[in-house]
Amino acid sequence: MQWFKSIGNSLKIDRLANIAKDALWQANCPLCKRPADGVLCKDCDRQITACQSPKFLQLDHPISLDIQLYSWGIYDGAIKRAIAACKYDNHPEIMEAIAKKIADTWQRSPEAKALTQRAKHLTVIPIPLHTNKLKSRGFNQAEVLARCFCDRTAISCMPQLLKRIKDTKAQMQTKGKHEREQNLAQAFAVPSHLKASERDVILFDDIYTTGATIREAIATLSASKINVRGVVVIARPQFKA
Ligand SMILES: [Zn+2]
């Protein structure tokens, strides 16, 4: 903030306030660093929109008989870069721009509407990070996404219903099915004082790959009478048949 102090000596306070206001309102796009009116510039926003999946509901890949997967986009190109910039380049605000797109799609989806109408005390739960990872990253991208989505859809958001109690390795670093399963076993817990609240939930995460993390979270929640009715992610890779 040295620049702020030095120009403060030569400028009147109101002029300084305007400069600060402009700097805040016209923050550069976190993806291309060009000036942007919103979180992202129009060009990057368009590139992300181009990654939208033709179908929101992933009928080819249900999580279980009665739990459907909803994926907004295909994990590639601009959406892949945006998620990486959010997580590894400290730009949680990117989740706000993406949550707006998911909320619009959710509100237009007949299947999502039916799920909302059927549900009892519908609540969104983001897949949690372990405290160690939360400390090093500073935020949980799935929680930022879920909170922004809930602000727009008026669905309640309760990240406190699920904790990550085991500091698991990234699934990419595990070898073989057995190690992957062991890595995630008992990774999650529902805090005991919240176990009595029977409700229907939608789980939120950024990327869906093997689904192992999601399945482990569902098993933990089900054991506490918290019924997962759907899983929403930003994107999943497109698997070629
Ligand atoms: Zn941009």
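Residues numbered from 1 in each chain as written. Predicted model: local features only at pLDDT ≥ 70, side-chain atom pairs only at ≥ 80, totals over all residues. Heavy atoms only, no water.

**Section: the sheet that holds strand 2 (residues 123-126)**
Inference 1: Taken in spatial order, the 5 strands of this open sheet run 1-7-6-2-3, and their pairing is parallel. Pairing within the sheet leaves two strands with one partner each, and these edge strands are strand 1 (68-74) and strand 3 (156-157).
Inference 2: Along the sheet, helix 10 (residues 212-222) makes contact with strand 2, strand 6 (199-207) and strand 7 (226-236), crossing strand 7 at roughly 160°. (Pairing = 2+ DSSP bridges. Helix = DSSP H or I, 4+ residues; strand = E, 2+ residues; numbered from the N terminus. Contact = heavy atoms within 4.5 Å. Axes fitted to C-alpha atoms, helices over the stretch in contact; angles between N-to-C directions.)

**Let's talk about the pattern of salt bridges**
Inference 1: Evaluation of the coordinates by the stated rule reveals 9 salt bridges.
Inference 2: Put simply, D43 and R34 hold a salt bridge, and the shortest N to O gap is 3.1 Å.
Inference 3: R34 gets classed as partly exposed once you look at its relative accessible area, which sits at 43%.
Inference 4: Here K42 makes a salt bridge to D37, at a shortest N to O gap of 3.9 Å.
Inference 5: Exposure remark for K42: the relative accessible area of 61% places this residue in the exposed category.
Inference 6: A relative accessible area of 66% means that D37 is categorised as exposed.
Inference 7: One continuous salt-bridge network, built from bridges that share partners, spans R34, D43 and R46. (Salt bridge = Lys/Arg side-chain N within 4 Å of Asp/Glu carboxyl O. Buried < 20%, exposed > 50% of the residue type's maximum accessible area, 1.4 Å probe, protein only.)

**Brief notes about the pairing of strand 2**
Inference 1: Taking every second residue as pointing to the same face, both faces of strand 2 are buried, with T123 and I125 on one and V124 and P126 on the other.
Inference 2: As defined by bridge partners, strand 2 adjoins strand 6 across 4 bridges and the pair is classed as parallel. Its bridge partner lying in strand 6, V124 is registered against I202.

**Some words on the pairing of strand 6**
Within a regular strand, side chains alternate between the sheet's two faces.
Inference 1: For strand 6, a buried count of 9 out of 9 residues is recorded, marking the element as mostly surrounded by other parts of the structure.
Inference 2: As paired elements, strand 6 and strand 7 share 8 bridges and run parallel to each other. In the strand pairing of strand 7, D200 is matched with N227.
Inference 3: The β-α-β motif built from strand 6, the intervening helix 10 and the parallel element strand 7 has right-handed crossover chirality. (Right-handed = clockwise from strand over helix to strand, strands pointing away.)

**Thoughts on the confidence of the model for the chain**
Inference 1: Averaged over all residues, the pLDDT of the chain is 88; the fraction at 70 or higher stands at 86%.
Inference 2: Within the chain, the element-level pLDDT minimum falls on helix 1 (residues 2-8), averaging 42, and the maximum on helix 8 (residues 141-153), averaging 98.
Inference 3: Counting interchain partners and residues more than four positions distant, the pLDDT-below-50 stretch residues 1-11 has 6 contacts. (pLDDT = per-residue confidence, 0-100.)

**Points about the layout of surface pockets**
Inference 1: Within this model, the second largest pocket holds a volume of roughly 300 Å³.
Inference 2: Lining the second largest pocket are 18 residues; nearest its centre among them are L40, D45, A97, K100 and K101.
Inference 3: Secondary-structure elements contributing two or more residues to the lining of the second largest pocket are helix 3 (42-49) and helix 5 (93-108).
Inference 4: Counting residues per element, the lining of the second largest pocket draws most heavily on helix 5, at 7 residues.
Inference 5: A class-by-class count of the residues in the lining of the second largest pocket yields 6 nonpolar, 4 polar and 8 charged. (1 Å grid on protein atoms, 1.4 Å probe; cavity = no way out; pocket = protein on both sides within 12 Å on 5 of 7 lines; lining within 4 Å. Points joined across faces, edges and corners; volume = space filled by probe spheres on them. Nonpolar A, V, L, I, M, F, W, Y, C, P; charged D, E, K, R; others polar.)

**Description of the coordination of the zinc ion**
Inference 1: Taken together, C29 (SG), C32 (SG), C41 (SG) and C44 (SG) make up the full set of protein donors to the zinc ion, lying 2.3 Å away.
Inference 2: Its 4 donor atoms give the zinc ion angles of 102 to 116° at the centre, a pattern that matches the tetrahedral case.
Inference 3: For the zinc ion, all donor residues lie on one chain, and their spacing in sequence is C-x2-C-x8-C-x2-C.
Inference 4: With relative accessibility at 6%, the residue C41 sits in the buried group. (Donors = N, O, S within 2.8 Å, 3.2 Å for Na, K, Ca; no water. Tetrahedral: all angles 85-135°; square planar, octahedral: opposite > 155°, others 65-115°.)

**What to know about helix 10**
Inference 1: Of all the residues in helix 10, the buried ones are A212, T213, I214, A217, I218, T220 and L221.
Inference 2: Looking at the packing, one finds that the buried side of helix 10 touches strand 2, strand 4 (163-164), helix 9 (176-184), strand 5 (188-189), strand 6 and strand 7.

**Let's talk about the side chain of Q58**
Inference 1: Tracing the backbone shows Q58 in the loop between helix 3 and strand 1.
Inference 2: The exposure class of Q58 is buried, given its relative accessible area of 8%.
Inference 3: There is a polar contact of 3.1 Å between the side chain of Q58 and the backbone oxygen of F56.
Inference 4: Excluding residues that lie within four positions of it along the chain, Q58 makes contacts with S53, Q68, L69, Y70, S71 and R236. (Polar contact = N/O pair within 3.5 Å; in protein donor to acceptor, adjacent residues only side chain to side chain.)

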